[in-house]
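# Structural description and commentary
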Amino acid sequence: MDALNQSETAVQSIDAVPYPLAFNPVTTALLLIDMQRDFLEPGGFGDMLGNDVSLLRSTIEPCRAVLQAARQSAITVIHTREGHRPDLTDAPPSKLARGHLETGIGDEGPMGRVLVRGQPGHEIIPELSPTDNEPVIDKPGKGAFYETDLHLILQNRHIRTLIVCGVTTEVCVHTTVREANDRGYECLVLADCVGSYFPEFQHVALEMIVAQGGIFGWVSDSKSAISALLNQQEQRLSIVDCT
Ligand code: TIU
């Protein structure tokens with residue numbers, strides 16, 4: 001049975017707001033957005049923008065648990081990283097200039113050159129290191145679809161549903177969810193797996209996703225997602241046992 005035929009038959013449900021989301025593990029991917037040292041560790045880009053990075057670190061453990069469940073249930077896992085070529089030719093001058101930062105994008109910081117590919121700060125945090133079979137999308141913008149091959153990869157895998165985790169909620173997570181929504185994907189954002197430097201933005205950004213009957217998608221949490229992923233995995237295994 002191919003992926004598309006299976007998608008018509010193996011639908012599961014996950015508790016979510018504004019209503020349960022039907023999903024098929026075969027056509028579902030976990031998308032981990034920008035869980036990089038530059039955003040989550042002291043001395044990175046987030047820190048240099050004047051933010052308290054500890055506000056994002058509460059997402060690490062729930063993300064790790066969801067990642068483990070996704071791997072166990074064999075759904076597609078994709079990571080993204082925001083950053084630029086070492087010569088910064090893919091960074092808009094407006095982005096480089098913004099903020100009048102003392103140490104900005106491309107400058108030398110405590111974790112190497114800020115938001116530059118190949119530098120220590122650009123790496124995904126060790127707690128969530130990708131495995132060799134998990135694509136890593138390097139993106140120059142806030143949205144994961146902008147000037148990347150994410151859409152192509154998702155189309156080739158027949159992905160329809162995205163379970164979205166990462167940072168920051170109102171910046172790269174929101175931009176990506178909006179891009180995905182316009183491309184026809186169903187997005188489920190896990191509230192405890194996305195983080196903002198601004199608690200009030202975290203709250204409002206999640207409200208914005210589910211307003212008007214789910215204008216951009218669904219919001220749930222790590223516990224519900226893990227339970228749904230592992231439940232479907234158990235069901236699939238029991239079907240295999242019976243054959
Ligand atoms: N500054 C901020 O909140 N976020 C970013 O610059 N990038 C991401 O959100 N990944």
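So, here is what we can say about the structure in this document. (Residues numbered from 1 in each chain as written. Predicted model: local features only at pLDDT ≥ 70, side-chain atom pairs only at ≥ 80, totals over all residues. Heavy atoms only, no water.)

Our next topic: the sheet that holds strand β9 (residues 186–195). Strand order in this open sheet of six strands is β7-β4-β3-β8-β9-β10, and the pairing throughout is parallel. Since the sheet does not close on itself, it has two edges, and those belong to β7 (136–139) and β10 (218–220), each with one partner. Along the sheet, successive strands turn relative to each other by an average axial angle of 25°, direction set aside. With three bridges joining them, β9 and β10 adopt parallel strand pairing. Residue Leu 190 lies in a different strand from β10, and its bridge partner there is Ser 220. (Pairing = 2+ DSSP bridges. Helix = DSSP H or I, 4+ residues; strand = E, 2+ residues; numbered from the N terminus. Axes fitted to C-alpha atoms, helices over the stretch in contact; angles between N-to-C directions.)

Buried residues dominate β9, accounting for seven of its 10 residues. Note: strand β8 (residues 161–167) against β9, six bridges, orientation parallel. For Ile 163, the partnering residue across the bridge sits in β9 and is Leu 188. A crossover links β8 with its parallel partner β9, the connecting element being helix α8 (residues 169–182), and its sense is right-handed. Tracing the backbone out of β9, into helix α9 (residues 199–214) and back to the parallel element β10 gives a crossover that is right-handed. (Buried < 20%, exposed > 50% of the residue type's maximum accessible area, 1.4 Å probe, protein only. Right-handed = clockwise from strand over helix to strand, strands pointing away.)

Scanning all chains against the criterion turns up four aromatic pairs. Each ring, one from Tyr 19 and one from Trp 218, has its centre 5.6 Å from the other, and the planes form 80°; the classification is edge-to-face. Here Trp 218 lies in strand β10 and Tyr 19 lies in the loop between β1 (12–14) and β2 (21–23), a separation of 199 residues in the sequence. A residue is classified by how much of its surface remains accessible, and Tyr 19, at 42% relative accessible area, is partly exposed. (Phe/Tyr/Trp six-rings, centres within 6.5 Å; stacked < 30°, edge-to-face > 60°.)

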